[in-house]
Amino acid sequence: MYNPISCDFFDQLNVAMQRKIPSTIIYLENETNEEQFTLEGIVKTMEVVDGKEFLVLETKEKVRLDLVIKFNGRRHRED
């Protein structure tokens with residue numbers, strides 16, 4: 001089930017995109033897997049696919065926003 005992100009997280013993503021800030025994203029692959037993954041890069045855009053929001057890095061890698069645990073050291077998901 002998709003859970004919308006907070007306005008604070010959305011604002012942080014927008015700043016990172018506008019300023020092209022190199023970012024570190026710690027996230028879960030899906031809702032059922034507790035294994036954490038880390039990506040580093042510049043967030044190019046955000047997009048909606050089938051009602052779910054994703055961040056897209058310049059490398060074309062995508063991460064579903066509601067599965068992000070930490071973005072640039074700031075926690076956005078409770079375990």
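Shown above is the structure to which this text applies.
Fair warning: this is a prediction, and the values are worked out from it, not measured in the lab.

**A short note on the overall build of the protein chain**
Each helix and strand counted, the protein chain has 1 helix and 6 strands in total. Taking 2.2 N^0.38 as the reference for a compact globule, 79 residues should give roughly 12 Å; the C-alpha atoms of the protein chain span a radius of gyration of 11 Å, in line with that estimate. Projected onto its principal axes, the C-alpha positions of the protein chain cover 35 × 25 × 25 Å. Residue burial in the protein chain is summarised as follows: out of 79 residues, 33% are buried. Considering only contacts in the protein chain between residues 6 or more positions apart, those separated by 24 or more positions represent 46%. Element-wise, carbon and sulfur atoms account for 48% of the exposed surface of the protein chain, whose accessible area totals about 5,200 Å². Distance between charge centroids for the protein chain: 5 Å, based on 11 positive and 15 negative side chains.

**Digging into the sheet that holds strand β5 (residues 68-71)**
Spatially, β4-β3-β2-β1-β5-β6 is the arrangement adopted by the 6 strands of the open sheet, whose pairing is antiparallel. Edge positions in the sheet fall to β4 (62-64) and β6 (74-75), since each of these pairs with one other strand and no more. In this sheet, β4 lies alongside strand β3 (residues 52-57) in antiparallel orientation, the contact comprising 3 bridges. Within β4, the position partnered with Phe54 by the bridge is Arg64. Against the sheet, helix α1 (residues 7-19) engages β1 (22-28), β2 (36-49), β3, β5 and β6, with an angle of about 95° to β2.

**Let's talk about the pattern of salt bridges**
Under the definition given, this model contains 4 salt bridges. Between Glu47 and Lys62 there is a salt bridge, with its nearest N and O atoms 2.6 Å apart. Of this pair, Glu47 sits in strand β2 while Lys62 sits in strand β4, and the two are 15 residues apart along the sequence. In this structure Glu47 comes out as partly exposed when scored by relative accessible area, which is 27%. Note that Asp66 is salt-bridged to Arg64, the shortest N-O span being 2.6 Å.

**Some words on the pairing of β1**
Of the strand pairs in this sheet, β1 and β2 are connected by 7 bridges, and their pairing is antiparallel. Following the sheet pairing, Pro22 is matched in β2 by Ile42. Pairing of β1 with β5 involves 3 bridges; the strand directions are antiparallel. By the bridge assignment, Ile25 is partnered in β5 with Phe71.

Cut-offs applied
- Residues numbered from 1 in each chain as written.
- Predicted model: local features only at pLDDT ≥ 70, side-chain atom pairs only at ≥ 80, totals over all residues.
- Heavy atoms only, no water.
- Helix = DSSP H or I, 4+ residues; strand = E, 2+ residues; numbered from the N terminus.
- Rg over C-alpha atoms; globule rule 2.2 N^0.38 Å.
- Buried < 20%, exposed > 50% of the residue type's maximum accessible area, 1.4 Å probe, protein only.
- Contact = heavy atoms within 4.5 Å.
- Areas by Shrake-Rupley, 256 points an atom, 1.4 Å probe, with all protein chains shown as cover.
- Lys, Arg positive; Asp, Glu negative; His and termini not counted.
- Charge placed at Lys NZ, Arg CZ, Asp CG, Glu CD.
- Pairing = 2+ DSSP bridges.
- Axes fitted to C-alpha atoms, helices over the stretch in contact; angles between N-to-C directions.
- Salt bridge = Lys/Arg side-chain N within 4 Å of Asp/Glu carboxyl O.

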